[in-house]
Amino acid sequence: MSTAHPRRVFVLGGANTAFIGKGHPDFVWKNHADFGKRENPTIEEHLATAVADAFTTTGVDPERVDKGYIGNFVGELFCQQGHLGAALAGCHPGLAGKAMTRVEAACASGGLALASAIDAIRAGNDTVLVAGVEVQTTVSAREGADYLARASHYRRQRSIDEFTFPALFGRRTKAYRERYGVTEEDIGRVAVKAYANANKNPLAHMKARKMDLATAAAAGDRNPCFLQHPEYAPFIKMSDCSQVSDGASACLVVSEAGLRAAGKTPADAIEIVGYGHSTASLYEDGDLTQLWTTKAAAEKAYAVAGIVPKDVQVAEVHDCFTVTELLMLEAVGFADPGQGAALVRDGVTNIDGALPVNTGGGLVGFGHPVGATGVKQAVEIWKQMKGRSGAYQMPSAPGIGLTANMGGDDRTVMVTLYRNAG
Ligand code: CAA
């Protein structure tokens with residue numbers, strides 16, 4: 001796609017549910033006062049809430065939806081529920097009979113649902129519903145790690161550790177720290193920012209949990225290393241991990257005609273001015289100190305949008321682990337290799353910094369219901385651009401934004417660029 005394309009694409013708005021799981025005050029778990037008295041929301045309930053809120057927020061009539069796409073990774077395993085396109089159609093009577101499709105690309109499922117919607121608008125549709133959902137707390141984190149390991153090359157990589165993904169990113173943390181001399185404190189600052197931002201976000205999984213640098217930068221009783229792998233264990237603590245969260249996100253992607261049909265103008269929306277989608281082989285591991293697939297996706301997105309990294313004023317990047325945020329900052333061109341930590345250390349990526357990143361808390365603080373994450377990122381950029389981020393609103397609404405959503409260990413990546421159409 002390019003800006004020269006005759007059909008412009010807009011995000012008219014959207015909504016996220018609360019992302020909840022262990023550590024969230026409303027999440028019912030063994031020692032919770034409500035244990036045995038009420039259940040946590042189901043996958044159907046999370047999805048219905050996000051979709052209903054997206055329609056309410058945008059004022060779009062569900063009858064006007066041409067198509068819908070839903071990102072979900074492993075509903076069959078966590079919830080015994082597949083066929084989620086039909087679940088999306090079931091969210092409102094006005095959606096019955098519409099063309100609905102589930103999209104799966106591991107943790108990039110939501111991002112690729114968004115890509116599908118952009119393509120659908122380019123192809124002539126006017127109003128497309130995009131949703132993402134995952135409910136992961138139906139089993140323990142250890143059992144869930146086996147499900148999430150399906151995003152790796154399971155036959156080759158599952159045995160690295162019972163917590164496969166934390167181990168794969170422990171491996172990256174080790175390689176990155178050793179190559180660039182990045183300290184544990186540098187990595188810890190990413191977690192401190194994530195939790196501080198989440199503390200300002202009423203929808204965040206970690207809205208009530210504090211994180212200080214002393215805790216984040218050294219393993220201890222409150223923040224243990226938990227891998228069995230002897231080489232990688234020291235490089236991943238609890239605070240370095242994204243959360244095992246339940247939640248859903250939804251947004252409406254529209255053409256200019258779709259805007260008019262909703263009684264809106266470009267000033268009510270944000271425009272998608274480019275995207276890049278790159279995929280690497282599941283069977284090979286590249287340089288552990290860089291995210292090459294993310295870099296390739298970002299370069300495609302910048303080229304079609306006619307934007308350069310220094311133009312970007314707000315970003316949502318896929319911090320599945322703390323080191324991933326640093327690697328992402330480098331891969332999308334905000335910092336040279338090995339220099340991502342300096343941006344965090346200097347406060348550049350804080351809410352009041354020159355380039356705020358993951359203002360709602362990111363995957364570490366806001367949470368990571370994996371199929372929802374790519375859609376949540378787009379909703380978060382829309383909220384910042386339209387001044388709807390409440391206590392975590394940037395001092396002035398940004399003009400250009402970026403999202404980077406990653407599946408697996410940098411295997412599938414969707415990078416999207418947005419312009420504040422106001
Ligand atoms: N010392 C050693 N081990 C300890 C410990 C301590 N003090 N405290 C806890 N542990 C171990 C325990 O063995 C425990 O396992 P059991 O439940 O079997 O006993 C394990 O750590 C988990 O502990 P908790 O149950 O107390 O913690 P939790 O449920 O809050 O989980 C977490 C914490 C393991 C970090 C979990 O949040 C997690 O797995 N996060 C990562 C999720 C993930 O990998 N998501 C995918 C990201 S990758 C991506 O985005 C791309 C893609 O496509 C997949």
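Structure shown above.
What comes next concerns the included structure. As the structure is a prediction and not an experimental result, all values here were calculated from the model.

Turning next to the site of the ligand. With respect to spatial proximity, 23 residues lie near the ligand, and among them K22, C107, R142, H368 and G408 are the closest. Here a nitrogen atom of the ligand and a backbone polar atom of S242 are 3.0 Å apart. At 2.9 Å from an oxygen atom of the ligand is found a side-chain nitrogen or oxygen belonging to H318. Contributing elements (two or more residues each) for the shell around the ligand: helix 5 (141–148) and helix 7 (164–180). Among the elements that make up the shell around the ligand, the one with the highest residue count is helix 5 (three residues). Here the residues of the shell around the ligand sort into 16 nonpolar, five polar and two charged.

Here helix 4 (residues 109–122) spans 20 Å end to end across 14 residues, near enough to the 20 Å set by a 1.5 Å rise per residue. Counting buried residues in helix 4 gives 13 out of 14 residues, a clear majority hidden from the surface.

Attention now moves to the pattern of salt bridges. Here the structure, examined in full by the defined rule, presents 24 salt bridges. Between D409 and R172 there is a salt bridge, with the nearest N and O atoms lying 2.6 Å from each other. Taken together, the positions of D409 in the loop between strand 8 (400–407) and strand 9 (412–420) and R172 in helix 7 put the pair 237 residues apart, joining distant regions of the chain. Among the residues examined, D409 registers a relative accessible area of 5% and is labelled buried. When the shortest N-O distance is used, the salt bridge between K193 and E325 registers 2.9 Å. Taken together, the residues K193 in helix 8 (residues 184–198) and E325 in helix 12 (residues 322–331) connect sequence positions 132 residues apart.

Attention shifts here to the packing of helix 7 against helix 12. At a closest axis distance of 10 Å, the pairing of helix 7 and helix 12 adopts a crossing angle of 60°. On the basis of the axis angle, helix 7 is oblique to helix 12. With respect to the hand of their crossing, helix 7 and helix 12 are arranged in left-handed fashion. Here F169, R172, T173 and Y176 of helix 7 lie close against helix 12, whose contacting residues are V323, T324, L326, L327 and E330. In terms of residue class, the contact of helix 7 with helix 12 is made up of five nonpolar, two polar and two charged.

Considering the arrangement of structural elements, one finds S239 in the loop between helix 9 (213–216) and strand 5 (247–254). Here N223 takes part through its side chain, which lies 2.8 Å from a polar atom of the side chain of S239. With residues up to four places along the chain from it excluded, the contact list for S239 reads A191, Y195, M211, A216, N223, T322 and V364.

For the rest of this paragraph, the subject is the side chain of T294. Within the element layout of this structure, T294 appears in helix 11 (residues 292–305). Among the residues examined, T294 registers a relative accessible area of 0% and is labelled buried. If sequence neighbours within four positions are ignored, T294 has contacts with M328, A331, V332, M406, D410, V413 and V415.

Right, let's talk about the pairing of strand 5 for a bit. Regular strands place their side chains on alternate faces of the sheet. Most of strand 5 sits inside the fold, with eight of its eight residues counted as buried. Alternating positions in strand 5 separate into two faces, G247, S249, C251 and V253 on one and A248, A250, L252 and V254 on the other, with burial throughout. In the sheet, strand 1 (residues 9–16) pairs with strand 5 via six bridges, with the strands oriented antiparallel. Its bridge partner lying in strand 5, F10 is registered against V254.

The rules behind each value
- Per-chain numbering applies: the sequence of each chain, read as written, is numbered from 1 onward.
- Residues qualify for local features only when their pLDDT is at least 70, as the model is predicted, and side-chain atom pairs are given and counted only at 80 or more; totals for whole chains, interfaces and linings, by contrast, use all residues.
- Here the side-chain values reflect all heavy atoms present in the structure, with hydrogen atoms and water set aside.
- By convention in this text, a residue qualifies as near a molecule or strand provided that one of its non-hydrogen atoms is within 4 Å of it.
- Throughout this description, a polar contact denotes any pair of N or O atoms lying within 3.5 Å of each other; where both atoms belong to protein, one of them has to be capable of donating a hydrogen while the other can accept it, and for residues adjacent in sequence the pair is counted only when both atoms sit in side chains.
- Comment: elements are numbered from the N terminus, with helices defined as DSSP H or I runs of at least four residues and strands as E runs of at least two.
- Polar here means any residue outside two lists: the nonpolar Ala, Val, Leu, Ile, Met, Phe, Trp, Tyr, Cys and Pro, and the charged Asp, Glu, Lys and Arg; Gly therefore counts as polar.
- What a helix is expected to span follows from its residue count: subtract one and scale by 1.5 Å.
- Burial here depends on accessible area, computed with a 1.4 Å probe over protein chains only, as a share of the maximum for the residue type. Under 20% is buried, over 50% is exposed, and the range in between is partly exposed.
- The term salt bridge refers to a pairing of a side-chain nitrogen on Lys or Arg with a carboxyl oxygen on Asp or Glu at a separation within 4 Å.
- Lines are fitted to the C-alpha atoms to define the axes, a helix being fitted only along its stretch in contact, and any angle between axes, read from their N-to-C directions, falls within 0 to 180 degrees.
- An angle counts as roughly parallel when it lies under 35 degrees, as roughly antiparallel when it exceeds 145, as roughly perpendicular when it falls between 65 and 115, and as oblique in every other case.
- Note on convention: near helix rotated counterclockwise from far helix by under a right angle means a left-handed crossing. Clockwise means right-handed.
- In this analysis, two residues are considered to be in contact whenever any of their non-hydrogen atoms come within 4.5 Å of each other.
- By the convention used here, strands pair only if DSSP detects at least 2 bridges between them.

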